[in-house]
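# Architecture at a glance
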Amino acid sequence: MKKLLIICILIVSVIFISGCTSDDKTNSESFSSDSQQSNIQETKLILNRGDVPGFTLHSYHFKYHTKVTEYYLGDGNPWTYSDVLPDGQRNVGQRMKWSDEEGHLVVVDLTKYDSNSGFEDFMKIDSIKQMQEMYGIKDSEINDFLIQMEFEEGEPKIGDNSHYSSMLNYNSDKHMTGLIFTYNNYLCNINVLNVKEQSKNEAIRIAELIESRLD
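First things first, this report covers the structure right here in the doc.

About the cut-offs
Residues numbered from 1 in each chain as written. Predicted model: local features only at pLDDT ≥ 70, side-chain atom pairs only at ≥ 80, totals over all residues. Heavy atoms only, no water. Buried < 20%, exposed > 50% of the residue type's maximum accessible area, 1.4 Å probe, protein only. Helix = DSSP H or I, 4+ residues; strand = E, 2+ residues; numbered from the N terminus. Salt bridge = Lys/Arg side-chain N within 4 Å of Asp/Glu carboxyl O. Pairing = 2+ DSSP bridges.

Quick look at helix α6 (residues 127–135) now. Among all positions of α6, only Ser 127, Gln 130, Met 131 and Gln 132 are buried. Directly beyond the C-terminal end of α6, a positive phi value near 70° is found at Gly 136.

Given below as structure tokens:
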């Protein structure tokens, strides 16, 4: 699970670029034709349109887990729903995707577990090592690869623990920044595709905003 999420930080996945998953509720027609429903739904999301000016809510879903069973990191992906929480279940997070007319993207994935067990080990991320394994890059080639991809990483000091990685998106002049932070029992994954000057800054700004709204 850890490797999968770190890979999601380092590269823009097919889902991230091409659109929503089957569990996402698409915004394009229903939201534009029914602004009242849009406003009602946005009140349930950790971000609203005022937080990402110029962006439109493209898709979203909420996460749920049974009330009678505790949910911990490593237990696998929760079930998802769009509007109505199924009976006997509890909300454990949400995922949303925002986009603009220029192809810039903001994707937020937030999960609340029943404890922060495993968070510390999970956040010990070696991004460069993961890229080497994923792309088969030799030690002698890694420095040239990082320069070519304009790779940057750091710890933005958000929540209890945080880490970001930023690099060029393939076949474009845009940068993708993936940022993960933990706060109490929450784990939040943010991906921002934008021009270099804004990608990292927007990811950090959004992360700080989300942290301020968590209980």
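Another aspect to go through is the pattern of salt bridges. Taken as a whole and assessed by the stated rule, the structure comprises nine salt bridges. For Asp 215, the salt bridge goes to Lys 112, with nearest N and O atoms at 3.5 Å. Remark: Lys 112 occurs in strand β5 (residues 105–112) and Asp 215 occurs in the segment after α8 (196–213); sequence separation between them is 103 residues. Put simply, Glu 202 and Arg 205 hold a salt bridge, and the shortest N to O gap is 2.9 Å. Here Glu 202 and its partner Arg 205 are both found in helix α8, three residues apart, which amounts to about one turn of the helix. For Arg 205, a relative accessible area of 31% gives the class partly exposed. Connected through shared salt-bridge partners, Lys 63, Arg 95 and Asp 109 make up one network.

With that out of the way, let us pick up the pairing of strand β9 (residues 186–194). The buried count for β9 comes to nine of nine residues, which makes it a mostly enclosed element. Alternating positions in β9 separate into two faces, Tyr 186, Cys 188, Ile 190, Val 192 and Asn 194 on one and Leu 187, Asn 189, Asn 191 and Leu 193 on the other, with burial throughout. With eight bridges joining them, β5 and β9 adopt antiparallel strand pairing. Looking at the pairing, Lys 112 lines up with Tyr 186 of β9. Both strand β8 (residues 175–183) and β9 contribute to a ladder of nine bridges, which runs antiparallel. Opposite Ile 180, over in β9, you have Asn 189 as the bridge partner. Here β8 folds back onto β9 in antiparallel fashion, the turn holding two residues, of which Asn 184 has a positive phi close to 50°.

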